[in-house]
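Structural features, examined
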Amino acid sequence: MKIGKLIRDIHHWASPIVMLPLGIMIVAGIFLMLKKDIEWIQPATQRSELASAQVPDTSLAELYAAAVAIEELEITSWDQFDRIDIRSDRGIAKFIAPNRWEAQIDLVTLDVLSLEYRRSDLFEQIHDGSFFADWIKTFVFLPVGVILLVLWATGIWLFVEPYLKRWQRKKRRAGRAGIADRK
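Fair warning: this is a prediction, and the values are worked out from it, not measured in the lab. (Residues numbered from 1 in each chain as written. Predicted model: local features only at pLDDT ≥ 70, side-chain atom pairs only at ≥ 80, totals over all residues. Heavy atoms only, no water.)

1. Some remarks on the nonpolar core
Of all hydrophobic cores here, the largest spans 13 residues; its most connected members are Leu63, Ala67, Leu73, Phe81, Phe95 and Ile105. Taken together, the elements giving at least two residues each to this core come down to helix H2 (60-68), strand S2 (92-96) and strand S3 (101-106). Ranked by residue count, the leading element in this core is H2, at 3 residues. Here Ile105 is in contact with Leu63, Ala66, Ala67, Ile70, Gly91, Ile92, Ala93, Phe95, Leu110, Asp111 and Val112, once residues within four sequence places are set aside. One finds Ala14, Ala133, Ile136 and Leu151 within the second-largest nonpolar core, a separate group that totals 9 residues. (Core = buried A, V, L, I, M, F, W, Y, C linked by side-chain atoms within 4.5 Å. Buried < 20%, exposed > 50% of the residue type's maximum accessible area, 1.4 Å probe, protein only. Helix = DSSP H or I, 4+ residues; strand = E, 2+ residues; numbered from the N terminus. Contact = heavy atoms within 4.5 Å.)

2. Notes on the packing of aromatic side chains
In this structure the tally under the stated criterion is 11 aromatic pairs. Look at Phe31 and Phe123: their rings are 4.3 Å apart centre to centre, the planes differ by 5°, and that puts the pair in the stacked class. Placement of the pair is Phe31 in helix H1 (residues 3-33) and Phe123 in helix H3 (residues 120-128), with a sequence separation of 92 residues. Within the aromatic cluster, the residues linked to one another by ring pairs are Tyr64, Trp78, Phe81 and Phe95. Looking at Arg166, its charged tip hangs above the ring of Tyr163, at a distance of 5.2 Å from the centre. (Phe/Tyr/Trp six-rings, centres within 6.5 Å; stacked < 30°, edge-to-face > 60°. Lys NZ or Arg CZ within 6 Å of the ring centre and 35° of its normal.)

3. Points about the environment of Ile126
As for its position among the elements, Ile126 is in helix H3. Look at Ile126 and you get buried, because its relative accessible area is 18%. Ile126 sits 105 residues away from Pro21 along the chain, and the two C-alpha atoms are 9.9 Å apart. Each residue touching Ile126, except ones within four places of it in the same chain, is listed here: Ile24, Ala28, Phe131, Phe132 and Phe141.

4. Section: the environment of Gly29
Tracing the backbone through its elements, the reader meets Gly29 in helix H1. The class for Gly29 is buried, based on a relative accessible area of 14%. Counting along the chain gives 97 residues from Gly29 to Ile126, while the straight-line C-alpha distance between them is 8.9 Å.

5. Points about the sheet that holds S2
The 4 strands lie next to each other as S1-S2-S3-S4, forming an open sheet whose pairing is antiparallel. What marks the edges here is a single partner per strand, and that holds for strand S1 (83-87) and strand S4 (112-117). Averaged over all pairs of adjacent strands, the angle between their axes in this sheet comes to 15°, without regard to strand direction. With 5 bridges joining them, S2 and S3 adopt antiparallel strand pairing. (Pairing = 2+ DSSP bridges. Axes fitted to C-alpha atoms, helices over the stretch in contact; angles between N-to-C directions.)

6. Quick notes on the pairing of S1
In this structure, S1 lies alongside S2, joined through 5 bridges in antiparallel fashion. Considered in S2, the bridge of Ile84 is made with Phe95. Here S1 folds back onto S2, and the loop between the two strands holds 4 residues, one of which, Gly91, carries a positive phi near 70°.

Quick look at the structure:
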């Protein structure tokens with residue numbers, strides 16, 4: 001079997017295998033690319049009006065108490081937070097709960113500057129396959145990524161091959177013409 005035929009066959013038969021998971025990855029990836037531009041995906045980061053260059057004297061315990069008081073977060077203990085993101089340049093702390101609600105709290109006044117549903121983490125889980133199940137992430141989405149790499153490589157070959165063959169034919173013709181001219 002010639003290498004060109006083998007590469008075409010690999011490219012042809014690998015494409016339907018990755019169609020559905022790749023489509024899901026692409027759509028979720030587009031949403032992730034737009035997360036800073038569309039507040040529906042990820043809430044915009046607020047800025048404290050009172051933030052200064054000085055270090056705020058607010059304790060972590062005070063921030064925690066302010067976050068726990070927010071009913072939408074559904075937090076009852078410290079270890080339940082998905083993550084806490086302190087943005088010192090903006091004077092806020094973001095508290096992200098497992099239920100995907102995000103509260104942005106002023107580091108100085110402890111006021112809630114923003115309380116919104118955060119969808120970017122959901123799109124990230126869809127993008128990497130962990131939304132469906134860990135085994136799907138490992139045994140479906142990871143192999144699809146590897147197959148996509150193979151499709152990329154075979155696609156490059158299928159694109160370059162005709163140009164390479166034309167160049168080789170021209171080179172052979174030129175070589176033959178040079179031999180004929182010497183006779």
